[in-house]
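Close look at the chain arrangement
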Amino acid sequence: MVFIAPSILSADFVNLERDIRTIEEAGADWLHIDVMDGHFVPNLTIGPPVLRRIKEIATQPLDVHLMIEEPGKWVDDYIDAGADRLTFHIEAENHADRVVHNIQSRGVSAGVSLNPATNPESLTYLLPIVDQVLVMSVNPGFGGQSFIGSQLCKIESIAKKLKEIGRSEVEIVVDGGVNTKNAAMIVDAGASVLVSGSAIFKSESWRETIQQLKTI
Ligand code: DX5
Ligand code: ZN
């Protein structure tokens, strides 16, 4: 069973409440919230005050993806604002082990993310402790980009390592360019959660697209 986490980056920000309620009714398992700081990635999105308001109306878990420099300085703010799952980029943090423990000590699931060019070997000492790994299958910063095929091998290698260390329960989240055409091979490679923004929000029927992604 694969989980679907629509990325609200592709929602209508003027009608965010409407879109969140509609996407939840359409079958979203988690809501994926992309946080960008204009430094780690060339785009700016939402901060803690907006997340706090989303938390007031959302019924599904908030999966917050920090694409920011020095994420360790910000984890408490995003947890206070309502993150249920909090993922940060290992390229942006010198003390990833400490940040994972800090997130978990607040009762929140901790995830680490890798850019497409980052070697999965860098996860060796994190796989025994994290709750999820988010594989970026586009260069982060924008919705609507094409899936980078080379990331399939990375997903496979992370799934294999998790199996070897007896931690297959760790979620493998794949984010970027996921659609109904490529979802099957991504799940075959080992993904347990599919993040999808434009493929869902730009489709005619959000419900049908989510159902198609789920039953793949
Ligand atoms: C990209 C974000 C993604 C993005 C996915 O930096 O992390 O979550 O919103 O959007 P699509 O599915 O359109 O690639
Ligand atoms: Zn994301």
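Heads up: these notes are all about the structure in this document.

The rules we used
- By convention here, each chain's residues receive numbers from 1 onward along its written sequence.
- Each chain is given a letter, starting from A, and each ligand a number, starting from 1, according to the order in which they appear as written.
- Per-residue local features are limited, in this predicted model, to residues with pLDDT of at least 70; the limit for side-chain atom pairs, both in listing and counting, is 80 or more; totals at the level of whole chains, interfaces and linings are taken over all residues.
- As a rule here, side-chain values cover all heavy atoms of the structure and leave hydrogens and water aside.
- What counts as an axis is a line fitted to C-alpha atoms, over the stretch in contact for a helix, and the angles between N-to-C directions run from 0 to 180 degrees.
- Put simply, DSSP marks the helices as runs of H or I at least four residues long and the strands as runs of E at least two long, and each gets a number from the N terminus on.
- By the definition adopted for this analysis, an angle is roughly parallel if under 35 degrees, roughly antiparallel if over 145, roughly perpendicular if from 65 to 115, and oblique otherwise.
- Crossing handedness is read from the near helix: turned anticlockwise from the far helix by less than a right angle, it gives a left-handed crossing, and turned clockwise, a right-handed one.
- Only heavy atoms matter for contacts: two residues are in contact if any of them lie within 4.5 Å across the pair.
- Charged means Asp, Glu, Lys or Arg here, nonpolar means Ala, Val, Leu, Ile, Met, Phe, Trp, Tyr, Cys or Pro, and polar covers whatever is left, Gly included.
- Each reported salt bridge corresponds to a side-chain nitrogen of Lys or Arg within 4 Å of a carboxyl oxygen of Asp or Glu.
- Partly exposed describes any residue whose relative accessible area lies between the buried limit of under 20% and the exposed limit of over 50%, with all areas from a 1.4 Å probe on protein chains only and scaled to the type maximum.

**Observations concerning the packing of helix 1 (residues 16-25) against helix 8 (residues 206-215)**
- Where helix 1 contacts helix 8, the two axes come as close as 9 Å, and the packing angle between them is 45°. Relative to helix 8, the element helix 1 lies oblique. Every pair of crossing elements has a handedness; the one defined by helix 1 and helix 8 is right-handed. Along its contact with helix 1, which presents Asp19, Thr22, Ile23 and Glu25, the element helix 8 presents Trp206, Arg207 and Ile210.
- For the contact of helix 1 with helix 8, a count of residues per class yields three nonpolar, one polar and three charged.

**Some thoughts on the pattern of salt bridges**
- Counting across every chain of the model gives 12 salt bridges.
- Note that Arg18 is salt-bridged to Asp19, the shortest N-O span being 3.1 Å.
- The class of Arg18 is partly exposed, set by a relative accessible area of 48%.
- Residue class for Asp19 comes out buried when judged on its relative accessible area of 4%.
- The partner of Lys55 in a salt bridge is Asp84, with the nearest N and O atoms 3.0 Å apart. Here Asp84 lies in the loop between helix 3 (75-81) and strand 4 (85-89) and Lys55 lies in helix 2 (residues 48-57), a separation of 29 residues in the sequence.
- Overall, Lys55 belongs to the partly exposed group, its relative accessible area being 34%.
- When salt bridges that share partners are traced, they join Asp12, Arg18 and Asp19 into one network.

So yeah, pure geometry; function would need other evidence.
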